[in-house]
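# Working through the structure, step by step
Read off the chains here:
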Amino acid sequence: MSGTDRYPHLFAPLDLGFTTIKNRALMGSMHTGLEEREDGHLRMAEFFAERARGGVGMIITGGISPNEEGGLGAKLSTSEEAARHKVITDAVHAADPDTKICMQILHTGPLAPHDRCVAPSPVRSRIARFVPNELDEAGIEKQIADHANCAARAKEAGYDGVEVIGSAGYLLSTFLVEKTNLRTDQWGGTYENRMRFPLEVVRRIRATVGDDFILIFRIAAMDMLQGGMSWEEVVQLAKELEKAGVSIISTHFTWHESAVPTIATMVPRAAFTSVTGRLRKEVSVPCITSNRINMPDVAEEVLVNGDADIVSMARPMLADAELVKKAAEGREDEINTCIGCNQACLDHTFGGNQEVSCLVNPRACHETLLKYEPAKAQKRIAIVGAGPAGLGYATVAAERGHKVTLYDSASEIGGQFNLAKRIPGKEEFYETLRYYSKMIDVHDIDLRLNARVSAGMLQNENYDEIVVATGIEPRTPNVEGIDHPKVVRYVDVITGKAKVGKKVAIMGAGGIGFDVAELITHEGKSSALDIDVFAKEWGVDFENHPRGGVTGVEPVIAKSDREVMLLQRKTSSVGRGLGKTTGWTHRLTLARRGVKMMNGVEYLRIDDEGLHVLIQNDPQTLDVDTVIICAGQEPLRTLFDELEASGAKVSLVGGAYEAMELDAKRAINQASYLAAAV
Ligand code: FAD
Ligand code: NAP
Ligand code: SF4
């Protein structure tokens, strides 16, 4: 059965009256960091064109501000600026004339990173740097006019439409919510008045661009704010937006300041689509749903259930530009699935001015820089180690036409990903292993498992290149009593080989320390696999939809019957080094389970009494029956040293190259660049 037969709803065209979208797959808006770069338009042109060739029906660009106050480095208000955008729209329409591309208009309002930021009232968001300036009547008129002008310039630039973001705590949404709109004039007070600004923006845009231009409004269908929008308010707004002239309503599920994760990997797939489904019944324009929809079967199910007309997949299109094409051709098992880690995308966006990419696909947003071109001459390449680094190298080198042999001493590919996938909430890591496994077949890589490689084994094989990707070995801290029977290693805990008692000290609070704490305190089903469990743990009421979906709902999370202490030597707060957009969820979850986090710990010795430490110079004995070592890692380079000593041509990649601050993002990225050049 072809993919189009298997996913009939996903591949059904959507007639908007004045134009048709060829399928229901949307690449949702994501800021890439290219918007502000001098050469950004050329790079975005290739980035989006590649996704157009990959079969997506419609693309929404990253946010562009309508004026300086809008707060992003990238603005569109002049014809000169429109000319730069033309490069993007031309590239997309040349790649596929049937692919639509819309530009997102984003006015960050009180979240703008400068003191000229504006809002309905001078209410500072808990995540903002400045108290915003209250808009006066003339200021409000200017913002509306600037939105309309921005849309007109987008049309001039060749876009098929615009999306206006009316959610997330950005300008338009702050008019809607009582706590951010304290006005008593016609723009505040009653809900009719609070809706006036976003509705006026939509009316003015429609009047300016005419009827044959796609106009999408992104609404906060569940803003996850205590005291946020009620369901009745959401519905009323949607109905008014329809009257004001939107072509499509896109549903969003959070404000940036809310305390519920909505896109991290521990959020179940398609967790929020039922909310869109309910809204869809209230309006007659098409509705877009989003969040953690990362594979075609998930998208199809959402559409079959009647929960949406269009399915937005933003990060999944970073992970695989050809997601839609592969689905259409029945090659779903070749899709490089977004694992929801945020490590190379949103952590970069919110972590400063880093460019976005993707952990599983370093080419994302780097299409003009990282190219997998056919090799000029085929080489025979041996790669030792089938962890993320070895897999990344092997698949790119083989795709380019090299003859690759991939060795691993283990009985399965994946290296440390085989540990990561066992952590509750990290189930998506299985998808990456499925993808690489398929790529090994597709590119005819000679895979040799259960093969511990020594230098001698490779000597007579006459490989042109040998790549050592042997990874790491866990560090053993130099502490008295480290060989005591109550001391266990994280690898043995995760694989279930080591018994863990009821009173536990975890030595080391990096990513692995947190993962181990999650594993040993977790009870029942993983929230990533069950929407009800997720809703309970994070205090979301999908059924009754109180204000914001969360007002008055207490998160219920089972306290662990283990007493767990997560320790580090540094005096910085525990978990500070975790991902920018996801670290808080791990810290909060463990704290709710009763895990104690301690910094400034000096380890003295381990004996029958427990772990003896100094905490802020105060001697203490932690009465524990198990000490789990999660104290970082050292490169495993024995093979490399032997090969180098024998004079072989050999290179290093991944953890074997550098274990300090290593993660899969760096391992795959480094491997891909090296393999693209070999
Ligand atoms: P490895 O994954 O260690 O792979 C090395 C491979 O080499 C192994 O398969 C090994 O069997 C093989 N090998 C070694 N010696 C030989 C030999 N002589 N002959 C043959 N084969 C050999 N990173 C993230 O980015 N995000 C996460 O969320 C994340 N979570 C993690 C959770 C856990 C519990 C763990 C343990 C790690 C996690 N990591 C995460 C880290 C990530 O998995 C590593 O950074 C990554 O696996 C390093 O890749 P690598 O290929 O360099 O090494
Ligand atoms: P890590 O993040 O470097 O943490 C190592 C921990 O061990 C730190 O808490 C460190 O803090 C402590 N430590 C270091 N040397 C020690 C010593 N000699 N004695 C005692 N404690 C010591 O490494 P990791 O936790 O092993 O993780 C490995 C990599 O996998 C990391 O780079 C991480 O990014 C990645 N990973 C990522 C995630 C994720 O969710 N993104 C999850 C898991 C792993 P002190 O020195 O202050 O004690
Ligand atoms: Fe998805 Fe992670 Fe890639 Fe972001 S970095 S697109 S979350 S796989």
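Now for the overall build of the protein. The number of helices and strands found in the protein is 22 helices and 27 strands. Relative to a compact globule of 678 residues, whose C-alpha radius of gyration would be 26 Å, the protein shows 26 Å and is just as compact. Overall, the C-alpha framework of the protein stretches about 75 × 65 × 45 Å when taken along its three principal axes. Buried positions account for 61% of the 678 residues belonging to the protein. Taking the average place of the 76 positive charges on the side chains of the protein and the average place of its 93 negative ones, the gap between the two points comes to 1 Å.

Turning to the sheet that holds strand β25 (residues 626-629), a few remarks are in order. In spatial order, the strands read β18-β25-β19-β20-β21; together these five strands make up an open sheet with parallel pairing. Edge positions in the sheet fall to β18 (487-489) and β21 (596-598), since each has one partner strand and no second. Neighbouring strand axes in the sheet, compared pairwise and without regard to direction, differ in orientation by 25° on average. In the sheet, β18 pairs with β25 via three bridges, with the strands oriented parallel. When the sheet's bridge partners are listed, Val-487 is paired in β25 with Val-627.

This part takes up the pattern of salt bridges. Counted according to the given criterion, the structure contains 44 salt bridges. Linking Arg-37 and Asp-39 is a salt bridge whose minimum nitrogen-to-oxygen distance equals 2.9 Å. Residue Asp-39 is classed as partly exposed on the basis of its relative accessible area, which comes to 30%. For Asp-185, the salt bridge identified is with Arg-183, shortest N-O distance 2.8 Å. Residue class for Asp-185 comes out partly exposed when judged on its relative accessible area of 28%. Relative accessible area serves as the criterion here: at 8%, Arg-183 is assigned to the buried category.

The way to describe two aromatic rings as a pair is by their centre distance and the angle between their planes. Enumeration over the complete set of coordinates arrives at nine aromatic pairs. Aromatic pair Phe-47 and Phe-48: ring centres 4.9 Å apart, planes at 50°, arrangement tilted. When its relative accessible area of 1% is taken as the criterion, Phe-48 is described as buried. Among the aromatic residues, ring-to-ring pairing joins Phe-253, Phe-272, Phe-534 and Phe-542 into one connected group.

So, about the domain arrangement of the protein. Examined at the domain level, the protein breaks down into domain 1 (3-335), domain 2 (380-473 + 634-677) and domain 3 (481-523 + 558-631). Domain 1 and domain 3 are separated by 42 Å when their C-alpha centres are compared. Listed as interface residues are six residues of domain 1 and, on the opposing side, four residues of domain 3. Of the roughly 310 Å² buried where domain 1 meets domain 3, counting both sides, 82% is carbon and sulfur surface. Where domain 1 packs against domain 3, one counts zero residue pairs in polar contact (both at pLDDT 80 or more).

A word on the site of ligand 3. What surrounds ligand 3 is the set Arg-315, Leu-318, Cys-338, Ile-339, Gly-340, Cys-341, Asn-342, Ala-344, Cys-345, Cys-358 and Leu-359. Class assignment of the residues belonging to the shell around ligand 3 gives a composition of eight nonpolar, two polar and one charged.

Around ligand 2, the surrounding shell holds 21 residues, and the nearest of these are Ala-509, Ile-512, Arg-569, Lys-570 and Leu-662. Between ligand 2 and Arg-475 there is a distance of 3.0 Å, counted from a nitrogen atom to a side-chain nitrogen or oxygen. With respect to ligand 2, the backbone of Ile-512 contributes an N or O atom lying 2.9 Å from an oxygen atom. When isolated, ligand 2 has an accessible area of 890 Å², and the protein chains bury 76% of it. Counting residues per element, the shell around ligand 2 draws most heavily on helix α18 (residues 511-521), at three residues. Looking at the shell around ligand 2, its residues break down into seven nonpolar, seven polar and seven charged. Per-domain counts for the shell around ligand 2 show at least three residues from each of domain 2 (380-473 + 634-677) and domain 3 (481-523 + 558-631).

Below, the discussion takes up the side chain of Asn-181. Position of Asn-181 among the secondary structure elements: in the loop between α5 (171-176) and α6 (191-209). Residue classification places Asn-181 among the buried positions, given a relative accessible area of 4%. Reaching out from Asn-181, the side chain makes a polar contact with the backbone nitrogen of Arg-183 at a distance of 3.1 Å. At 2.8 Å, the side chain of Asn-181 forms a polar contact with the backbone oxygen of Trp-187. If near-sequence neighbours (up to four positions away) are discounted, Asn-181 is found in contact with Pro-120, Ser-121, Thr-174, Phe-175, Trp-187, Gly-188 and Arg-194.

What counts, and at which threshold
Residues numbered from 1 in each chain as written. Chains lettered and ligands numbered in written order. Predicted model: local features only at pLDDT ≥ 70, side-chain atom pairs only at ≥ 80, totals over all residues. Heavy atoms only, no water. Helix = DSSP H or I, 4+ residues; strand = E, 2+ residues; numbered from the N terminus. Rg over C-alpha atoms; globule rule 2.2 N^0.38 Å. Buried < 20%, exposed > 50% of the residue type's maximum accessible area, 1.4 Å probe, protein only. Lys, Arg positive; Asp, Glu negative; His and termini not counted. Charge placed at Lys NZ, Arg CZ, Asp CG, Glu CD. Pairing = 2+ DSSP bridges. Axes fitted to C-alpha atoms, helices over the stretch in contact; angles between N-to-C directions. Salt bridge = Lys/Arg side-chain N within 4 Å of Asp/Glu carboxyl O. Phe/Tyr/Trp six-rings, centres within 6.5 Å; stacked < 30°, edge-to-face > 60°. Domains from an automatic or database assignment. Contact = heavy atoms within 4.5 Å. Buried area = accessible area lost by both parts, 1.4 Å probe. Polar contact = N/O pair within 3.5 Å; in protein donor to acceptor, adjacent residues only side chain to side chain. Near = heavy atom within 4 Å. Nonpolar A, V, L, I, M, F, W, Y, C, P; charged D, E, K, R; others polar. Areas by Shrake-Rupley, 256 points an atom, 1.4 Å probe, with all protein chains shown as cover.

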